[in-house]
Amino acid sequence: MMEIIPAIDLIGGQCVRLTEGDFDQQTTYDSNPLEVAKRFEASGIKRLHLVDLDGARARKPVNLNVLESIAANTNLVIDFGGGLQSDEAVNQAFNAGAAQITAGSIAVREPEKVKNWLLQYGADKIIIGADFKGTNIAISAWTEESKYPLQDFMSGYLKTGAKLFICTDVSKDGKLQGPSTNTYRHLKLTLPDAQVIASGGVTTVQDLEDLQEIGVTGAIIGKAIYEGTITLKDLARFLC
């Protein structure tokens, strides 16, 4: 069964969404992320993708208090990302209640450090963030397409013991134009051992049905929930 994973992105402790990762294209949806998380849990959702956008800019966690509050007041399984650039930051995230952390840009820049995290914490705890544009990894806060093929990037991490990947098409993120279904289908065929979590562009229930048919491990839903193109009631059919 494909896991449904709503996203809460944080700026200034508030629940926001960006378009294509652009801080100049920001919409604030709720001033109380804990209440948003509680609504998700009340609808039967088990997982949460929590992103510290302030932390991503500061290159260190900024909104750990929000993580701690959600972890203490819900039973959601939280994966936390944003600003996790050091061993200390990863420890802080786990101590604040994260069940998993997402290694984003650092997985591209400092693979040896991330490999050490995989060894230290285990592959169930460390998710590799594979942000992409076209067929290549996206870098520089999503503004640039590298010459590093997405498939090679993931294959390399699989060889070092990683198994969980959040694959975000940054060209679609926040645009409500549908996910990169063909890319995820190709990844499932060519890298069958990778547990792919699809992210970016999920807009309709049909998108979720298509992703479930492909066999992805999970689907992250952000703006679609906040804009109402997918309702929490719509998600009931996908929840165990």
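Residues numbered from 1 in each chain as written. Predicted model: local features only at pLDDT ≥ 70, side-chain atom pairs only at ≥ 80, totals over all residues. Heavy atoms only, no water.

Enquirer: Can you tell me about the overall build of the protein chain, naming the residues and giving the values?
Expert: Secondary structure assignment for the protein chain yields 10 helices and 12 strands. Compactness check: the protein chain gives a C-alpha radius of gyration of 16 Å against a globular reference of 18 Å for 240 residues, within 12% of the reference. For the protein chain, the spread of C-alpha atoms along the principal axes amounts to about 40 × 40 × 35 Å. Relative to its full complement of 240 residues, the protein chain shows a buried share of 53%. Taking all contacts inside the protein chain whose residues are at least 6 apart in sequence as the whole, residues at least 24 apart take part in 65%. Taken as a whole, the protein chain presents about 10,300 Å² of accessible surface, with 46% of it coming from carbon and sulfur. Taking the average location of the 23 positive side-chain charges in the protein chain and that of its 30 negative ones, the two points are 1 Å from each other. (Helix = DSSP H or I, 4+ residues; strand = E, 2+ residues; numbered from the N terminus. Rg over C-alpha atoms; globule rule 2.2 N^0.38 Å. Buried < 20%, exposed > 50% of the residue type's maximum accessible area, 1.4 Å probe, protein only. Contact = heavy atoms within 4.5 Å. Areas by Shrake-Rupley, 256 points an atom, 1.4 Å probe, with all protein chains shown as cover. Lys, Arg positive; Asp, Glu negative; His and termini not counted. Charge placed at Lys NZ, Arg CZ, Asp CG, Glu CD.)

Enquirer: Break down the environment of Leu-84 for me, citing the residues and quoting the values.
Expert: Its place among the elements puts Leu-84 in the loop between strand S5 (77-81) and helix H4 (87-95). With relative accessibility at 2%, the residue Leu-84 sits in the buried group. The residues touching Leu-84, leaving out its near neighbours within four places in the chain, are Pro-61, Ala-89, Val-90, Ala-93, Ile-101, Thr-102, Ile-106 and Trp-117.

Enquirer: Please provide a residue-by-residue account of the packing of aromatic side chains, values included.
Expert: According to the stated counting rule, one finds 6 aromatic pairs in the structure shown. Ring geometry for Tyr-29 against Tyr-226: centres 5.1 Å apart, planes inclined by 20°, an arrangement best described as stacked. Residue Tyr-29 is located in strand S3 (residues 22-30), and its partner Tyr-226 is located in helix H10 (residues 223-227); the two are separated by 197 residues in the primary sequence. Among the aromatic side chains, those forming a connected cluster through ring pairs are Tyr-29, Phe-40 and Tyr-226. (Phe/Tyr/Trp six-rings, centres within 6.5 Å; stacked < 30°, edge-to-face > 60°.)

Enquirer: Give me the lowdown on the nonpolar core, citing residues and values where you can.
Expert: Formed by 67 residues in total, the largest nonpolar core has its most connected members in Ile-8, Met-154 and Leu-208. Look past the residues within four positions of Ile-8 in its chain and what remains in contact with it is Cys-15, Pro-33, Val-36, Ala-37, Phe-40, Leu-48, His-49, Leu-50, Val-51 and Tyr-226. If you look at the next biggest cluster of nonpolar residues, it comprises 7 residues, including Ala-7, Leu-164, Ile-166 and Ile-220. (Core = buried A, V, L, I, M, F, W, Y, C linked by side-chain atoms within 4.5 Å.)

Enquirer: Talk me through the pattern of salt bridges; I want residue IDs and the actual numbers.
Expert: Counted according to the given criterion, the structure contains 7 salt bridges. Across the salt bridge formed by Lys-163 and Asp-124, the nearest N and O atoms sit 2.6 Å from each other. Of this pair, Lys-163 sits in the loop between helix H7 (150-159) and strand S10 (164-169) while Asp-124 sits in the loop between helix H6 (111-121) and strand S7 (126-133); the two residues are 39 residues apart in sequence, bridging distant segments of the chain. Look at Lys-163 and you get partly exposed, because its relative accessible area is 27%. Salt bridges sharing partners connect three or more residues here, namely Glu-3, Arg-47 and Asp-79. (Salt bridge = Lys/Arg side-chain N within 4 Å of Asp/Glu carboxyl O.)

Enquirer: So what about unusual backbone geometry? Which residues, and what values?
Expert: Its identity as a non-glycine residue notwithstanding, Arg-59 has a phi of 65°, on the positive side. In this structure, Arg-59 sits in the loop between helix H2 (53-58) and helix H3 (64-73).

Enquirer: Residue-level account of the packing of helix H8 (residues 181-190) against helix H9 (residues 205-214), with values.
Expert: Relative to each other, H8 and H9 sit at 15°, their axes nearing to 10 Å. Taken as axis vectors, H8 and H9 run roughly parallel relative to one another. At the point where H8 passes H9, the crossing takes the right-handed sense. Contact residues: Thr-181, Tyr-184, Arg-185 and Lys-188 in H8; Asp-210, Leu-211 and Ile-214 in H9. (Axes fitted to C-alpha atoms, helices over the stretch in contact; angles between N-to-C directions. Parallel < 35°, antiparallel > 145°, perpendicular 65-115°, else oblique. Left-handed = near helix turned anticlockwise from the far one by under 90°.)

Enquirer: Outline H9, supporting the account with residue identities and numerical values.
Expert: Buried residues of H9: Val-205, Asp-207, Leu-208, Leu-211 and Ile-214, and no others. Turning to H9, the residues buried within the fold contact strand S1 (3-11), H8, strand S11 (195-199) and strand S12 (218-221). Residue Gly-215 follows H9 closely and has a positive phi angle near 105°.

Enquirer: Please provide a residue-by-residue account of the pairing of S1, values included.
Expert: Extensive coverage of S1 is indicated by the burial of 8 of its 9 residues. Pairing of S1 with S12 involves 4 bridges; the strand directions are parallel. Considered in S12, the bridge of Pro-6 is made with Ile-221. Note that S1 and strand S4 (residues 47-52) share 4 bridges and pair parallel. (Pairing = 2+ DSSP bridges.)

Structural measurements only, silent on function.
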